[in-house]
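Residue-level structural notes
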Amino acid sequence: MDTFEFTHRRRNPLTGKWILVSPHRNNRPWLGATESVANDTLAAHDPSCPLCPGNTRANGEVNPVYSYTHVFKNDFGALTQQEVSEEANDPLFAHETTSGECRVMCFSPEHHKTLPELSLTELTAVIDTWQQQYLELAMQYKCIQIFENKGAIMGCSQPHPHGQIWAHNHLSTEISTEDTEQRAYFQQHGRSLLADYAQRELTQKSRVVFANAHWLVVVPFWAAWPFETLLISLDDIQHIGQLSQEQKETLAEALQILTIKYDNVFNCSFPYSMGWHNAPTDSEQPYWRLHAHFYPPLLRSATVKKHMVGYEMLGESQRDLTAETAAQILQAASVEHYKKNK
Ligand code: H2U
Ligand code: ZN
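Residues numbered from 1 in each chain as written. Chains lettered and ligands numbered in written order. Predicted model: local features only at pLDDT ≥ 70, side-chain atom pairs only at ≥ 80, totals over all residues. Heavy atoms only, no water.

Turning our eyes to something else, we now look at the nonpolar core. Among the nonpolar cores identified, the biggest contains 50 residues, and Trp130, Phe227, Leu231, Trp276 and Phe294 are the most heavily contacted of them. Residue contributions to this core peak at eight residues, all from helix α4 (residues 245–265). Counting 16 residues, the second-largest nonpolar core is a separate cluster that includes Leu194, Leu216, Ala224 and Ile232. (Core = buried A, V, L, I, M, F, W, Y, C linked by side-chain atoms within 4.5 Å. Buried < 20%, exposed > 50% of the residue type's maximum accessible area, 1.4 Å probe, protein only. Helix = DSSP H or I, 4+ residues; strand = E, 2+ residues; numbered from the N terminus.)

What follows is the structure, encoded as structure tokens:
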């Protein structure tokens, strides 16, 4: 089932959405836009960076001189604590107030580093902080979204390595959809959707980018973005709060290898939006499986990205490069970061 040379559609079982795959378009002439590549000449500390240790942020607060990670309340958070509570089930003008918090998490005190350049100890510290934040916020909120926007092309506003954490009581659309689909699969088959999927991918191997005792990285069969990957826990766990020391250390390895491979595809700091999908805190059931999505926009080079426009906006996602070809490129990419050979 690995050679798809014909136009076809694939279904994403986590969302129920379909993706149009057109492998024959891969060789067409390309005159798309290019963007300039950000240079690699950042300093280890930037006096004007609001995320560097010891610097002053937009709200006048001074960051501590931190050694591994640092978390602070987003000074411009999209979610805040609301005093009013109002909702309307009007079929055309439905709305509801929602409360929450937004935090920013610095991954390293070193301004010029990115996740693939951190040591396994430093990456484990990032995972420890994700876990602590999750456990703290889960006491108050139903939905905790941990994510990273990397690279200016993804709208990331600061080069300093960082991610964000948003917590709220409504279920976001993606979490709600994945909850429904995973629950329905479990009801029908008596097993977790992602547990079954991971086993099938481990057997087929063609889309596997990396696997260790606790984690699997694949280009999912239904990938929409060119080099999209899915990082799945091979253990029966629903959220990041449950990770054991061994699961955290093997996760550090999986994150390091995946992000180094990404950087090596086009010899650049590979932009993406990534994020964890934890079960809603009020339904931590075996149907849900902890996983993370990586959505990188690059298609052909460090500057040519995939645009989700036209048919994607009006119809459904479409791709030329098959998931299997993208997986082969990631499989072939070195696990030694390209900057080390400079
Ligand atoms: P992004 O790079 O993904 O946009 O995240 C950076 C966040 O940091 C952004 O949401 C916040 C911005 O609101 N920020 C502060 O909270 N304080 C600052 O002084 C600068 C940036
Ligand atoms: Zn900085």
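Close to ligand 1 lie 14 residues, the nearest being Ala58, Asn74, Asp75, Ser157 and His162. Asn74 is positioned such that a nitrogen or oxygen atom in its side chain is 2.7 Å from an oxygen atom of ligand 1. In this structure, a nitrogen atom belonging to ligand 1 sits 2.7 Å away from a side-chain N or O atom of Asp75. Protein burial of ligand 1: of its 470 Å² of free accessible surface, 88% is covered by the chains. Residue classes in the shell around ligand 1 are distributed as six nonpolar, six polar and two charged. (Near = heavy atom within 4 Å. Polar contact = N/O pair within 3.5 Å; in protein donor to acceptor, adjacent residues only side chain to side chain. Areas by Shrake-Rupley, 256 points an atom, 1.4 Å probe, with all protein chains shown as cover. Nonpolar A, V, L, I, M, F, W, Y, C, P; charged D, E, K, R; others polar.)

Moving on to α4. Between its first and last C-alpha, α4 extends 31 Å over 21 residues, near the 30 Å set by a 1.5 Å rise per residue. A large share of α4 lies buried, amounting to 17 of its 21 residues. Backbone geometry just downstream of α4 places Asn267 in the positive-phi region, at approximately 50°. (Expected span 1.5 Å × (residues − 1).)

A few words on the coordination of the zinc ion (ligand 2). Protein-derived ligands of the zinc ion (ligand 2) are Cys49 (SG), Cys52 (SG), His111 (ND1) and His160 (ND1), with the metal-ligand distances lying across 2.0 to 2.4 Å. Classification of the site at the zinc ion (ligand 2) as tetrahedral follows from its four donor atoms and the range of 100 to 120° in their angles at the metal. Here the donor residues of the zinc ion (ligand 2) are spaced in sequence according to C-x2-C-x58-H-x48-H. (Donors = N, O, S within 2.8 Å, 3.2 Å for Na, K, Ca; no water. Tetrahedral: all angles 85-135°; square planar, octahedral: opposite > 155°, others 65-115°.)

The next point concerns the state of the cysteines. A full pass over the atoms with the stated rule returns zero disulfides. As a non-bridged cysteine, Cys102 has Cys143 as the owner of its nearest cysteine sulfur, 12 Å distant. Classification of Cys102 as buried rests on a relative accessible area of 3%. (Disulfide = S-S within 2.5 Å.)

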